[in-house]
Amino acid sequence: MRYEVKETFARLAAPTAPAPPAAAPAPPAPAALAAKVRTLAPSMTRSMQRVAETVAADPAGCAALTVTGLAARTGTSEATVVRTARLLGYPGYRDLRLALAGLAAHQESGRAPAVTADIAVDDPLADVVAKLAHDERQTLADTAAGLDTAQLGAAVAALAAARRIDVYGVGASGLVAQDLTQKLLRIGLMAQAHSDPHLAVTNAVLLRAKDVAVAITHSGSTGDVIEPLRVAFERGATTIAITGRPGGPVAQYADHILTTSTARESELRPAAMSSRTSQLLVVDCLFIGVAQRTYETAAPALAASYEALAHRHAPRGGTSR
């Protein structure tokens, strides 16, 4: 069993040398533009939302427009267009136009159009399965496209070196917090999840500079999650926020922000479903990154945990009933 675990980790990644200092983030790839718009639109002003939604809906048409033309089409100002381009991750409008042209070419290359994931109350179950599967794929793709790997790398480094890790989350995000801590415990890290806001705060006051606090909140404004993160931040711990609203209140107490997808929901598909999917992807990325960095200790720890539970999965003797 020990060799099997070691081989599993080896396939994931071999140990690597510490990464050099991160360079300035590159502009998002054209394919990531729509995901960026979906993620950031809720935190934009209405005029910026009009610009962002217009370029995502008609990349070919907008790529042919000057900054003045796009401002006129969206009923905004040139300054608003430029600010929107920068918020989406592009140095200026020229870079956004190049991305729009690339996205238009990608869409015209023959790819099948996306199906709608709206679920009606009278949909057959087969349609529900197909729509949910499509939407889950889109959520994962959007999260991967919008995830800042420099921020992810910094968060991984902090977790790998942490003396102690506290994770805060309530509701569906609390389940994700438990998933993260369970994974980290299996590779030998001292981690605990807190869904009780009182316990979260009383534990946060004990954190120090070598500790890490992780807050998981889709809205970015969950008070029961923000309060312990603030306390941890003020105590000098490294703080990480996993959120669908990178401009939300949680960001002011986060050293590193990992953005999840903000999907369009329907009455039958509440936000907790898509947010959980995207949060779990980020958690898995963190776990694998930490396992890579701590491979020499993580592999034996995981092997030991497998062996400790092996007898519980062995076939029982005796006759069946």
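Residues numbered from 1 in each chain as written. Predicted model: local features only at pLDDT ≥ 70, side-chain atom pairs only at ≥ 80, totals over all residues. Heavy atoms only, no water.

### A look at the nonpolar core
The condition that has to hold: In this description, a nonpolar core means a group of buried Ala, Val, Leu, Ile, Met, Phe, Trp, Tyr and Cys residues linked to one another through side-chain atoms lying within 4.5 Å. For every residue, the accessible area (1.4 Å probe, protein chains only) is compared with the maximum for its type, and the residue is labelled buried under 20%, exposed over 50%, or partly exposed between those bounds. Per the convention used, a helix needs a DSSP run of H or I reaching at least four residues, while a strand needs a run of E reaching at least two, with both numbered from the N terminus. Any two residues whose heavy atoms approach within 4.5 Å are treated as being in contact.
Among the nonpolar cores identified, the biggest contains 29 residues, and I165, V214, L258 and L286 are the most heavily contacted of them. Elements that contribute at least two residues to this core include exactly α9 (149–160), β1 (165–168), α10 (172–186), β3 (212–217), β4 (238–243) and α13 (271–293). The element best represented in this core is α13, accounting for six residues. In this structure L286 touches L152, A155, V156, L159, I242 and L258, once residues within four positions along its chain are discounted. L33, A85, L88 and A99 belong to the second largest nonpolar core, which has 21 residues in total.

### A closer look at the side chain of T74
Our working rule: Whenever two N or O atoms come within 3.5 Å, that pair is a polar contact, provided that in protein one can donate a hydrogen and the other can accept it, and provided that, for residues adjacent in sequence, both atoms are side-chain atoms.
Here T74 lies in helix α5 (residues 67–74). Separated by 3.4 Å, the side chain of T74 and the backbone oxygen of A71 make a polar contact. When sequence neighbours within four positions are dropped, the list of residues in contact with T74 reads R50, V51 and T54.

### Thoughts on the packing of aromatic side chains
The condition is simple: Pairing of aromatic rings covers Phe, Tyr and Trp, the last counted by its six-membered ring, and requires centre-to-centre distances within 6.5 Å; plane angles under 30 degrees mean stacked, over 60 mean edge-to-face, and any other angle means tilted. Consider the ring centre and the ring normal. A charge sits over the ring if Lys NZ or Arg CZ is within 6 Å of that centre and within 35 degrees of that normal.
Within the structure shown, the criterion is met by one aromatic pair. Measuring from centroid to centroid gives 6.1 Å for F233 and Y253, while their planes differ by 65 degrees, and the two rings are edge-to-face. Pair noted here: F233 is in helix α12 (residues 223–234) and Y253 is in the loop between β4 and β5 (256–259), with a separation of 20 residues, a long-range link. Among the residues examined, F233 registers a relative accessible area of 33% and is labelled partly exposed. Directly above the aromatic system of Y306 lies the positively charged group of R186, at a separation of 5.2 Å from the ring centroid.

### Re the pairing of strand β2 (residues 191–194)
Heads up, the rule is: Only when DSSP finds a minimum of two bridges between them are two strands counted as paired. By convention a crossover is right-handed if, when the strands point away from the viewer, the path from the first strand over the helix to the second runs clockwise.
In this structure, β1 lies alongside β2, joined through four bridges in parallel fashion. Bridge pairing in β2 places I165 opposite A191. The handedness of the β1 to β2 crossover, carried by α10, is right-handed.

### Points about the confidence of the model for the protein
In regions of low pLDDT, the predicted coordinates are not meant to be interpreted in detail. Stated precisely, the cut-off is as follows: Each residue carries a pLDDT score, the predictor's confidence in it, ranging from 0 to 100.
Across the protein, the average pLDDT comes to 83, with 80% of residues at or above 70. Low pLDDT (under 50) marks residues 13–24, which in the prediction has five contacts with non-local residues, meaning those over four places away or in another chain.

### Structural notes on the sheet that holds β5
Going by this rule: What counts as an axis is a line fitted to C-alpha atoms, over the stretch in contact for a helix, and the angles between N-to-C directions run from 0 to 180 degrees.
With parallel pairing, the five strands of this open sheet are ordered in space as β2-β1-β3-β4-β5. Looking at the sheet topology across the chains shown, the edges are occupied by β2 and β5. On average, each strand axis in the sheet is inclined to that of its neighbour by 15 degrees, with strand direction left out of account. Two elements, β4 and β5, share four bridges in a ladder whose sense is parallel. For I242, the partnering residue across the bridge sits in β5 and is L258. α9 rests against β1, β3, β4 and β5 of the sheet, and its axis sits at about 120 degrees to β5. Sheet strands touched by α12: β1, β3 and β4. Its angle to β3, the strand with the most contacts, is close to 160 degrees.

### Details of α9
Here is the rule: Between the first and last residue of a helix there are one fewer steps than residues, each counted as 1.5 Å, and that sum is the expected span. Each direction from the helix axis to a C-beta atom contributes to the arc, which is the arc of those directions.
Between its first and last C-alpha, α9 extends 16 Å over twelve residues, near the 16 Å set by a 1.5 Å rise per residue. Within α9 the residues assigned to the buried category are L152, A155, V156, A158 and L159. For α9, the angular spread of buried residues about the axis comes to 165 degrees, placing them on one side. In this structure D148 caps α9, since a side-chain oxygen of it lies 2.9 Å from the backbone nitrogen of A150.

### Regarding the packing of helix α3 (residues 46–57) against helix α6 (residues 78–87)
Cut-off, in case you're wondering: Roughly parallel refers to an angle under 35 degrees, roughly antiparallel to one over 145, roughly perpendicular to one between 65 and 115, and oblique to any angle outside these ranges. Helix crossings are classified by the rotation of the near helix relative to the far one: an anticlockwise turn of less than a right angle makes the crossing left-handed, while a clockwise turn makes it right-handed.
At a minimum axis distance of 9 Å, the contact between α3 and α6 shows a crossing angle of 70 degrees. With respect to each other, α3 and α6 are oriented roughly perpendicular. Viewed along their axes, α3 and α6 form a crossing whose handedness is right-handed. Contacts between α3 and α6 involve S47, M48, V51 and A52 from the first element and T80, V81, R83, T84 and L87 from the second.

### Details of the pattern of salt bridges
It is possible for side chains bearing opposite charge to pair when their charged atoms get close. Selection rule: Salt bridge criterion: a side-chain nitrogen from Lys or Arg within 4 Å of a carboxyl oxygen from Asp or Glu.
In total, this model carries six salt bridges according to the counting rule given. The shortest N-O distance in the salt bridge between K183 and D179 comes to 2.7 Å. One end of the pair, K183, and the other, D179, are both in helix α10, four residues apart, so they sit about a helical turn from each other. For K183, a relative accessible area of 18% gives the class buried. Ionic pairing is found between K183 and D284, a salt bridge with its closest N-O pair at 3.5 Å. Highlighted residues: K183 in helix α10 and D284 in helix α13, separated in sequence by 101 residues. A single salt-bridge network, built from bridges that share partners, covers D179, K183 and D284.

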